[in-house]
Amino acid sequence: MKTEYITWSRERGYEKEALARAAEILRNGGLVAFPTETVYGLGGNGLMREASMKIYAAKGRPSDNPLILHISKREDLNSIVRYVPEKAEKLMSAFWPGPMTLIFEKKECVPYETTGGLDTVAVRMPEHEGARELIASAGVPVAAPSANASGRPSPTSAEHVKEDLSGKIDMIIDGGSVGIGLESTIIDLTEEVPVILRPGYITSEMISGIVGEVALDSALENADVSSVPPKAPGMKYRHYAPKAQMTVYEGRMSEVIEKINGIASRYPASKVGILATEETKEYYPHGQVVVAGSREGHTIGQGLYGALREFDHLGVEVIFSECFSGEEKSEALMNRLLKAAGHRIEYLPGK
């Protein structure tokens, strides 16, 4: 398959003919990768079972891993869900459009191929202007998981999408680097108490400030969820992972640096990767040091996935990472970091 490429920018938007072509592809069951404020999504017609099956095939994604439907305006929600609870209305008023996905009971028009066989559907209205314009032009809810090969770090640039999916999908829209860099918060609203299934930019404190009591799904605390039916993307399967085995070290920063340097020295410098920050990168004399971002500048979320992909390009065999608990949006950061590491974390004495 030959993949087409078009561009979007905040200043110029889309070229009219290019947008019409992208919308046509989506309506007719083809696949278009497009930028959002979180990560790049791989879009297909969410009401067409064949399109959802194409998404799973292109990504190599297990078919019981649900897809998120993206809409361009609030009114679109009524056509795909059975009921909108009062707490959902409050959350949508506060955070839509934005990086928040809500789970509702689905209507029959939403195929089980889109929901991973569930009677519920995950829905999001992205903040990204180009994403909403594309969805509105297509005229259908767009099912869109992250536009990467299943299990790999999510794409935060069009180049990442090309690495994984060029030649497998119909079109890639290059909109530059994304703003947030971590996927949306997912909240299950089919229970009395809203349940956070995936932490994201919208934190539990922000959510409870709007609707009161919220719960965290037990799977977030469980490293082995192989037998748990996934209610939302990213709950069951290996995600966000570089090719090399990664271990995270948590403790006082001076002790973390000392520990990583001690272990890294046992490997050839070209084969060991170290995930650090702008503030600590100079403290690692041995190995391939990749910077996720700045703690002071709160940019780790934007750079995490790109850093994990860089280790693949470097060909390292092991990766040792600093811990990012205590940072801004640490719920989401640590969720992604520990999944990437297969929950391999070592707590240093004196933590």
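The paragraphs below set out a description of the structure included in this document. Note that the structure is predicted; figures quoted are calculated from it, not measured.

Another aspect to go through is the sheet that holds strand S3 (residues 41-45). Taken in spatial order, the 11 strands of this open sheet run S1-S8-S2-S3-S7-S4-S6-S5-S9-S10-S11, and their pairing is mixed. The outermost strands of the open sheet, each flanked by one partner alone, are strand S1 (4-7) and strand S11 (215-216). Docked against the sheet, helix H5 (residues 129-138) engages strand S2 (32-34), strand S4 (68-70), strand S7 (142-143) and strand S8 (171-174), running at close to 150° with respect to S2.

Okay, the nonpolar core next. Judged by nonpolar contacts, the single largest core of 40 residues is most densely connected at Leu42, Leu77, Leu91, Trp96, Leu102, Phe104 and Val123. Mapped onto this core, the elements with two or more residues apiece are helix H2 (49-59), helix H3 (86-95), strand S5 (100-105), strand S6 (120-124), helix H6 (158-165) and helix H7 (204-211). Broken down by element, this core gets its largest block of residues, four residues, from H3. Setting aside residues no more than four positions away along its own chain, Leu91 makes contact with Trp96, Met100, Leu102, Ile187, Leu189, Ile207, Ile210 and Val211. The next biggest cluster of nonpolar side chains, apart from the first, holds 26 residues, and it includes Phe311, Cys323, Leu333 and Leu337.

The strand order S14-S13-S15-S12-S16 describes an open sheet built from five strands, whose pairing is parallel. Whereas interior strands pair on both sides, the edge strands pair on one side only; in this sheet they are strand S14 (288-291) and strand S16 (345-347). Taking each pair of neighbouring strands and ignoring which way they run, the sheet shows an average axis angle of 25°. As judged from the four bridges shared by strand S13 (residues 272-276) and strand S15 (residues 318-322), these two strands associate in the parallel manner. The residue bridging Val272 from the neighbouring strand is Val318, located in S15. The strands that helix H8 (residues 253-264) touches are strand S12 (245-250), S13, S15 and S16; relative to S15, the one it contacts most, it runs at about 170°. Across the sheet, helix H10 (residues 330-340) touches S12, S13, S15 and S16, and the angle it forms with S12 is around 135°.

So, how was this worked out
- Residues numbered from 1 in each chain as written.
- Predicted model: local features only at pLDDT ≥ 70, side-chain atom pairs only at ≥ 80, totals over all residues.
- Heavy atoms only, no water.
- Pairing = 2+ DSSP bridges.
- Helix = DSSP H or I, 4+ residues; strand = E, 2+ residues; numbered from the N terminus.
- Contact = heavy atoms within 4.5 Å.
- Axes fitted to C-alpha atoms, helices over the stretch in contact; angles between N-to-C directions.
- Core = buried A, V, L, I, M, F, W, Y, C linked by side-chain atoms within 4.5 Å.
- Buried < 20%, exposed > 50% of the residue type's maximum accessible area, 1.4 Å probe, protein only.

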